[in-house]
Amino acid sequence: MNTQKYIKPSDARAWLSCSRRVWFDNNPPPGMEQVETNPFDQLIITLGMRHEWSVKRQLEKERQLVEAVSPEHTKALMDAGVEIISQAKLVDEALGIAGDPDFLIRGPSGEYQAADAKLSRSGDKDEIQIQLAVYRKMLSSTLPALVLHSNGTISEIGDEANKLADEFLQDMRQILAHETKPAARYAHSKCSICSYVGICKPEFEAKQEITLIYGVDSRNAPHLEAQGITTIRQLADADPEAISDVPHLKGARNKLKAVLQAKSYLTHETYRIGDIQLPAGTWVHFDIEDNPLNDSGDDHVYLWGLLKPPYGWPGFQYVWTDGHEQDQAGWLDFLNVISQLKEQYADLVICHFSHHEVSKIKRYAKRCAMEEHPIVAWLLGDNTPLFDIKKPIMEALVLPVMGYGLKPICKNEGLVNFQWSDDESGSQWSIVQYVNYLIEPLKDRREQMKKDILTYNFDDVMATRKLEEWLRTLIT
């Protein structure tokens with residue numbers, strides 16, 4: 001019986017995230033042989049399959065196309081010189097690789113080039129570079145591999161990706177050779193959405209892994225350990241001034257924050273490191289929902305949400321668009337709402353959390369060639385009313401949280417203690433709801449889905465409002 005574990009080019013995504021995650025993918029823990037795909041990832045899979053099907057339909061109109069059913073069939077089709085092979089199945093036992101490129105396209109010389117249909121808007125992502133470079137290696141192809149994007153553009157992957165692919169293959173061979181799971185570090189943004197977090201996190205907590213602390217990661221943790229700081233307790237007890245600068249943790253302030261973050265982890269206390277600065281004025285709270293999965297290649301903000309006085313549903317104002325074809329109209333409607341708010345409140349403060357909203361306004365201004373529009377220029381100018389409420393938090397406070405997102409801060413019962421109506425809601429949840437809303441044929445069901453998204457956005461702006469109120473209680 002052949003028990004060889006083949007490297008799969010599709011392993012690249014997990015490998016780029018964490019070596020332990022890709023090991024688990026190839027050595028499933030008991031009871032996790034079939035990991036349930038979360039709704040957002042399932043949406044990506046579904047849209048990807050739809051895009052691949054669309055590409056296939058177009059290709060078979062132009063050239064001979066045959067679908068492969070096995071590695072042997074794939075080889076036979078290549079030997080026969082079939083112009084395009086879909087669902088190709090490649091196995092290289094010498095290299096220990098098994099891959100399934102979406103298409104193999106025969107060039108004029110008879111050589112085949114791999115092609116994958118991708119929702120991504122460019123071929124620059126390392127995951128894509130690795131996958132396509134490995135396919136080229138398996139084919140011994142001198143032709144560039146092709147990335148067929150959902151917006152109709154095509155990227156080429158050539159020899160420039162070989163170095164990264166070789167690193168992937170070399171490391172994967174070592175990972176698959178391990179009989180036990182490899183060592184790993186905690187990374188909140190990656191681990192919190194990983195299927196295996198329930199296995200790894202208790203281990204990290206038991207040994208007081210210092211990367212559980214915000215601001216400490218795999219880049220600086222080894223350097224702290226070299227100074228004798230190997231646990232959260234040791235970091236909490238350390239003298240910040242005695243800690244030497246290390247990569248990505250330099251300067252007295254950052255080292256103080258790391259020590260206080262460790263203390264906060266252990267005590268659940270909040271620490272002040274500066275004055276909380278909030279602008280005076282009439283506050284309107286602002287949050288957007290956007291869909292990055294458009295065939296056009298442009299993010300579509302389908303909901304611009306604003307909460308103005310009074311702070312409840314009567315004060316919730318929004319601009320909603322039914323599909324990307326209404327994108328520019330929605331943007332103009334948003335600017336009109338801002339113009340009205342500017343006239344209504346001479347001391348307007350538009351409060352948002354983090355940089356996302358500002359980055360989207362900048363992108364729309366550039367896309368629509370409206371940088372000089374008076375409202376746009378005001379929003380993005382030196383005297384902007386836009387205020388990122390995350391800034392005073394990061395400048396003045398150390399909180400007992402593992403990540404400084406809106407939800408971890410606001411849902412914490414010892415801090416803001418604001419709870420969303422739907423605990424499952426979130427930015428990815430909203431995208432899934434919206435995409436399903438666009439294709440839902442039943443009117444009543446569509447209206448309920450829209451209401452659910454609006455409720456989530458209202459909760460986001462209300463949470464931002466409650467965060468402001470909480471911060472004001474800390475100002476002395």
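K.L.:
Could you clarify how one ought to interpret the overall build of the chain in this entry?
P.N.:
What the chain contains, in helices and strands, is 18 helices and 15 strands. If you line up the chain on its principal axes, its C-alpha atoms span 80 × 60 × 40 Å. Looking at the 476 residues of the chain, the share that counts as buried comes to 49%. Restricting the contact set of the chain to residue pairs at least 6 apart, pairs at least 24 apart contribute 63%. As displayed, the chain offers around 23,700 Å² of accessible surface, 49% of which is attributable to carbon and sulfur atoms. Charge-centre separation for the chain: the mean point of 52 positive side chains lies 2 Å from the mean point of 69 negative side chains.

K.L.:
For this particular structure, what's the right way to read the sheet that holds strand β2 (residues 84–86)?
P.N.:
Each strand in a sheet pairs with another by means of backbone hydrogen bonds, the pair being arranged parallel or else antiparallel. Strand order in the open sheet formed by six strands is β1-β2-β5-β6-β7-β8, and the pairing between neighbours is mixed. One side of each edge strand has no neighbouring strand; the edge strands of this open sheet are β1 (65–67) and β8 (154–157). Pairs of neighbouring strands in the sheet enclose a mean axial angle of 25°, with direction left out of account. As judged from the four bridges shared by strand β7 (residues 145–149) and β8, these two strands associate in the antiparallel manner. Within β8, the position partnered with L148 by the bridge is I154.

K.L.:
Got a minute to help me understand the layout of surface pockets in this structure?
P.N.:
Vacant regions in the atomic arrangement are exposed by a probe of water-molecule size rolled over the atoms. In this structure, the second largest pocket occupies an estimated 270 Å³ of space. Lining the second largest pocket are 16 residues, with P400, V401, M402, G403 and N412 positioned closest to its centre. Among the elements of the structure, α8 (197–206) and α11 (252–267) are those that each provide at least two residues to the lining of the second largest pocket.

K.L.:
Just checking my understanding: could you explain the environment of I475 for this structure?
P.N.:
Looking at the secondary structure, you find I475 in the segment after α18 (443–474). Residue I475 is classed as partly exposed on the basis of its relative accessible area, which comes to 35%. Separated by 200 residues in the primary sequence, I475 and D275 have C-alpha atoms spaced 7.7 Å apart. Each residue touching I475, except ones within four places of it in the same chain, is listed here: I276 and L278.

K.L.:
Where do I start with the side chain of H51 in this structure?
P.N.:
Examined against the element boundaries, H51 turns out to sit in helix α3 (residues 39–62). Residues contacting H51, with those up to four places away along its chain left out, are A117, K118, L119, L148, H149 and S150.

K.L.:
Looking at this structure, how should I read the sheet that holds strand β13 (residues 348–352)?
P.N.:
Taken in spatial order, the five strands line up as β12-β11-β10-β13-β14 in an open sheet, and their pairing is mixed. The sheet terminates laterally at β12 (316–320) and β14 (386–388), the two strands that pair on one side only. Sheet twist, expressed as the average angle between the axes of neighbouring strands with direction ignored, equals 30°. Sheet topology places β13 next to β14; three bridges connect them, and they run parallel. The residue of β14 that forms the bridge with I350 is L386. Contacting β10 (282–291), β11 (300–307), β12 and β13, helix α12 (residues 327–344) runs over the sheet at an angle of about 20° to β11. Along the sheet, helix α13 (residues 356–367) makes contact with β10, β11, β13 and β14, crossing β10 at roughly 70°.

K.L.:
Just checking my understanding: could you explain α13 for this structure?
P.N.:
It helps to recall that an α-helix has 3.6 residues per turn; residues three or four apart then point in one direction. Relative to the 16 Å expected for 12 residues at 1.5 Å per residue, α13 spans 16 Å between its end C-alpha atoms, a close match to the ideal helical length. Check the buried side of α13 and you find it contacts β10, β11, α12, β13, α14 (374–380) and β14. Downstream of α13 by a residue or two, A369 has a phi angle that is positive, lying close to 55°.

K.L.:
I keep staring at the packing of α3 against helix α17 (residues 427–439) and nothing clicks. Help me out?
P.N.:
Pairs of packed helices are described in terms of their axes, by the angle between the two and the distance that separates them. Where α3 contacts α17, the axes come no closer than 9 Å and their chain directions differ by 45°. Overall, the two elements α3 and α17 adopt an arrangement that is oblique. With respect to the hand of their crossing, α3 and α17 are arranged in left-handed fashion. Between α3 and α17, the contacting residues are P39, F40 and L43 on the first element and Q428, I431, V432 and V435 on the second.

K.L.:
Before we go on, may I ask you to explain the packing of aromatic side chains in this structure?
P.N.:
How two aromatic rings sit relative to each other is given by the distance of their centres and the angle of their planes. Throughout the structure, instances matching the rule amount to 23 aromatic pairs. Plain terms: the ring middles of W283 and F387 are 5.7 Å apart, the flat faces sit at 70° to each other, and that makes the pair edge-to-face. Here W283, found in strand β10, pairs with F387, found in strand β14; they are 104 residues apart in sequence, far enough to count as distant. Like W283, the residue F387 is buried in the burial classification. An aromatic cluster of three or more residues is present, and its members are F286, W304, W331, F334 and Y364. A cation over a ring is seen here: R367 above Y364, with NZ or CZ 4.4 Å from the ring centre. Over the face of the ring belonging to W283 we find R472, whose NZ or CZ atom lies 5.0 Å from the ring centre.

K.L.:
Quick question: what am I supposed to make of unusual backbone geometry here?
P.N.:
The phi torsion of most residues other than glycine is negative, and most of the peptide bonds are trans. Note that the residue after P309, namely P310, is joined by a cis bond; omega there is -5°. Secondary-structure assignment places P310 in the loop between β11 and β12. Phi at H248 is positive, roughly 65°, even though this residue is not glycine. Following the sequence through the fold, H248 ends up in the loop between α10 (232–237) and α11.

Basis of the calculations
- Residues numbered from 1 in each chain as written.
- Predicted model: local features only at pLDDT ≥ 70, side-chain atom pairs only at ≥ 80, totals over all residues.
- Heavy atoms only, no water.
- Helix = DSSP H or I, 4+ residues; strand = E, 2+ residues; numbered from the N terminus.
- Buried < 20%, exposed > 50% of the residue type's maximum accessible area, 1.4 Å probe, protein only.
- Contact = heavy atoms within 4.5 Å.
- Areas by Shrake-Rupley, 256 points an atom, 1.4 Å probe, with all protein chains shown as cover.
- Lys, Arg positive; Asp, Glu negative; His and termini not counted.
- Charge placed at Lys NZ, Arg CZ, Asp CG, Glu CD.
- Pairing = 2+ DSSP bridges.
- Axes fitted to C-alpha atoms, helices over the stretch in contact; angles between N-to-C directions.
- 1 Å grid on protein atoms, 1.4 Å probe; cavity = no way out; pocket = protein on both sides within 12 Å on 5 of 7 lines; lining within 4 Å.
- Points joined across faces, edges and corners; volume = space filled by probe spheres on them.
- Expected span 1.5 Å × (residues − 1).
- Parallel < 35°, antiparallel > 145°, perpendicular 65-115°, else oblique.
- Left-handed = near helix turned anticlockwise from the far one by under 90°.
- Phe/Tyr/Trp six-rings, centres within 6.5 Å; stacked < 30°, edge-to-face > 60°.
- Lys NZ or Arg CZ within 6 Å of the ring centre and 35° of its normal.

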